[in-house]
Amino acid sequence: MIEYTVSDGACVLRLSVPPLNTITFPLLNELRAALGRANLDPEVQGIILAGQSDHFSAGADVGLFRGLASDEEAVRTSRLFQEAFQAVEDSPKPVVAAVAGRVMGSALELAMACHFRVCAPSARFSMPEVTLGINPGAGGTQRLPRLIGTEEALTMLLTGEAIDARRARALGLVDAIGEGGDLLESARTSLRSARGPRKTGLCTDKVSNAAANEAAFRGARQRLAGMRPEIVAPWKILEAVQAGLVESFQAGLRREQEGFAACMNTLATRNKIYLFFAARETSRIPGLAEQAAADVTKAAVIGMGTMGTGIAQALMMSGIRVAVLDQDVSALERGVDRIRSSVRKRVEQGRLAPEAAEGMLGLLSATTGWREVADAQLVIEAVFEDAAVKRTVLGQIEGACGEEAIIASNTSTISLDSLAEGMRHPERLVGMHFFNPAHSMPLVEIIRRDATPAKVVATAVRFAKALRKTPVLVRNREGFLVNRLFIPYLKEAFWLLEEGADAPAIDGAMVEFGFPMGPLTLIDMAGLDVLVLTDRVLTGAFRSHGPLSNVAVRLVERGHLGQKSGSGVYRYEKGDRTPRPSAEAARVIAEVQQAEGRAPRPVGQDEIIRRLALRMVNEAFYVMAEGIVQRESDMDVAMVLGTGFPDFRGGVLKYARDLGLGHVRADLDRLAAECGARFAPCRLLREMEGV
Ligand code: NAD
């Protein structure tokens, strides 16, 4: 696990645990043993701790956290990491960390326990534990402030965001950047100039100003004031940093251990960790491993509207050459302009180097003719959601491209079987359903027809991963997966409106539940007309969905389509996306209530949450029963990544399981009696109850 070599007085300890140098207990033991040996070795004057030349370590094995059975075990795990890293810091001979790649979490904690740090120019540093709902447990809350100051450390610890090598150097997190490519040589130089060990735990210059520390704590507390109560990690991080600076380094370490155990004790953290593993699992598809996926180095996107533009950008961001085609020259130009301005913005925000932006834009070619598309290995169709238009375009793609080219449709509702009719080689058609905005949304549904060969699926899955997205394999059925669950949820919001609930109360309830935005604000953004059209397809296929409230139908009939028309459920002022109460919508609701003979009633937050969440839950069981997804956890990942379902609830099915399936079934029975058959529990749920 650790290679030990000595030359010119320097001992290089090289982590060698392919593929990622993940830190486990056996590695910690070996590290301590290797350090002991180096410290006893009379030839060794200094030690270099390194990984591969392009990657130091991926940090602690998250699997360790999943298996923790008790508070004591959590405390012990944290303590063992802390002690091993303390042994590094206590080395009587100077230790230099030579790091590269993404240096995250415990990998950074290990590097910080070394006396000096040199890094590759492309290295990035972060403490992402907080995003998993835990606090760093291996000394990170103590050493980071001592190296870069309290305020900067709290920012890194509380956001989980990464900084690059230059910033790390400026802040003092690293001592030198190994320009010229030879990291080990830089580490040797650093050792030569070292006058003995410099223990991070004893560094005080960045944290000695008590007033500045207090200001940083106050700032952090203000930032955390609005946090969800389920998520305790940020508070535990703050407590540990504070204890370490106000009391002592040792007190801070103890607080870290306790905080780690407290986080692991919450359902929210366990759910986040569950999702972390579930997301890794989605691309493991039985039968696909042995299928060689085709390499895609050149792709094409047909249709440069909202989706085509985002998809093309996602491809370019991953270094894939892409030809974009639209029949409409002005749509093509608008799309290319949107891509350019989005890339420019990233440069302005410092998220992309100007040279990288140039390189990215160089990958794009725009055309209205089919010749440029001919050599694409994968073509993504993103034209209007109209079966006839799509069929024509699929025919054109087949005419232009080689027989090996894979054709992916981004349709949201049309069955791939119906699109495949008339194709010369329908077997090469696959669904790749991106979400809006496609360059940043992390989910892609890969839709497989019964006839889709494994190689085509394997290529689509690999391609989605190359775009750094999470692919979820879905069987071809109307609405695929996410829309199939989400449309009933959106529809239920309109039933609640019709019954008398206020739009802000409905939206507020779901924000309280944990969604980033409420269903009615969301549908105003996406367009009520889109809901009506999609619902037509879904209700045609799934009678259990029940009808759409006339409130939505009438709003569309009157031209209240949402933000794009200036009004929908809410009213919008020009150039302002703030939802405001709409007198027009209120009138439509009153009309519908009158026509249906319905007296409006107050609807409480509990009922809103219960009805909206359980519509998704019930549909999730139908989806499982039909074998639309491979595993429950795939559905959980897809809903969290595709709709913003709160990750601390673990996804739709995990949420149902945490409520208890018996409880869910009883609630659905009650709602079916009160609101209608759309709530009647799926048979699978009845069968699984108690399992
Ligand atoms: P859009 O109307 O914004 O863009 C469609 C583009 O296709 C237009 O620029 C149009 O000029 C072009 N086009 C139409 N016919 C063409 C043809 N024959 N040849 C070449 N170009 C042609 O539509 P959109 O919102 O980007 O949606 C595209 C597809 O993505 C649809 O199937 C839609 O259902 C799906 N989708 C949309 C979203 C979304 O949120 N908008 C999300 C997921 C999937």
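To start, this report covers the structure provided alongside it. Worth saying up front: this structure is predicted, and the values here are computed from it rather than measured. (Residues numbered from 1 in each chain as written. Predicted model: local features only at pLDDT ≥ 70, side-chain atom pairs only at ≥ 80, totals over all residues. Heavy atoms only, no water.)

## Looking at helix α14 (residues 329-348)
Put simply, the rule reads: By definition, any uninterrupted DSSP run of H or I lasting at least four residues is a helix, any uninterrupted run of E lasting at least two residues is a strand, and each is numbered from the N terminus. For a helix, the expected span equals 1.5 Å multiplied by the number of residues minus one. For the exposure calls, accessible area comes from a 1.4 Å probe over protein chains only, and a residue counts as buried if that area is under 20% of its type's maximum, exposed if over 50%, partly exposed in between. Our arc is simply the arc of the directions from the helix axis toward the C-beta atoms. We call two residues contacting when some pair of their heavy atoms lies within 4.5 Å.
With 20 residues, α14 should reach 28 Å at 1.5 Å per residue; the first-to-last C-alpha distance of 28 Å fits that figure. Within α14, the full set of buried residues consists of Ala 331, Leu 332, Gly 335, Val 336, Ile 339, Ser 342, Val 343 and Arg 346. Within α14, the buried residues cover an arc of 135° as seen down the axis, which keeps them to one side. With respect to the buried face of α14, the exposed residues turned more than 90 degrees away are Lys 345 and Glu 348. Against the buried residues of α14 lie α13 (306-317), β11 (321-325), α15 (354-361) and β12 (364-367). Of the residues trailing α14, Gly 350 is marked for its positive phi of about 75°.

## Considering the pattern of salt bridges
How we decide: Put simply, a salt bridge is a Lys or Arg side-chain nitrogen that is within 4 Å of an Asp or Glu carboxyl oxygen.
Evaluation of the coordinates by the stated rule reveals 46 salt bridges. The salt bridge involving Glu 381 is made with Lys 390; its shortest N-O contact spans 2.6 Å. Each of the two residues, Glu 381 as well as Lys 390, counts as buried. When the shortest N-O distance is used, the salt bridge between Glu 498 and Arg 598 registers 3.1 Å.

## Comments concerning the site of the ligand
Defined as follows: If a single non-hydrogen atom of a residue is within 4 Å of a molecule or strand, that residue counts as near it. Within 3.5 Å is the distance limit for a polar contact, defined as a pair of N or O atoms, with the added protein rule that one can donate a hydrogen and the other accept it, and that residues adjacent in sequence qualify only through two side-chain atoms. Ten residue types, Ala, Val, Leu, Ile, Met, Phe, Trp, Tyr, Cys and Pro, are classed as nonpolar, four, Asp, Glu, Lys and Arg, as charged, and the remainder, Gly among them, as polar.
In the vicinity of the ligand lie 23 residues, with Met 307, Asp 326, Glu 385, Lys 390 and Ser 412 positioned nearest. Measuring from an oxygen atom of the ligand, one finds a backbone N or O atom of Thr 306 at 3.0 Å. At 3.2 Å, a side-chain N or O of Gln 327 approaches a nitrogen atom of the ligand. Partitioning the shell around the ligand into residue classes produces 10 nonpolar, nine polar and four charged.

## Brief notes about the sheet that holds strand β8 (residues 163-164)
Filter applied, for reference: Only strands joined by at least two bridges in the DSSP assignment are considered to pair. Axis definition: a line fit to C-alpha positions, over the contact stretch in the case of helices; interaxial angles, taken between N-to-C directions, run 0 to 180 degrees.
Pairing within the open sheet is mixed, and its three strands lie in the order β5-β7-β8. The outermost strands of the open sheet, each flanked by one partner alone, are β5 (102-104) and β8. Bridging between β5 and strand β7 (residues 124-126) involves three bridges; their strand directions are parallel. Looking at the pairing, Met 104 lines up with Ser 126 of β7. Set on the sheet, helix α4 (residues 106-113) makes contact with β5 and β7; between it and β5 the angle comes to about 85°.

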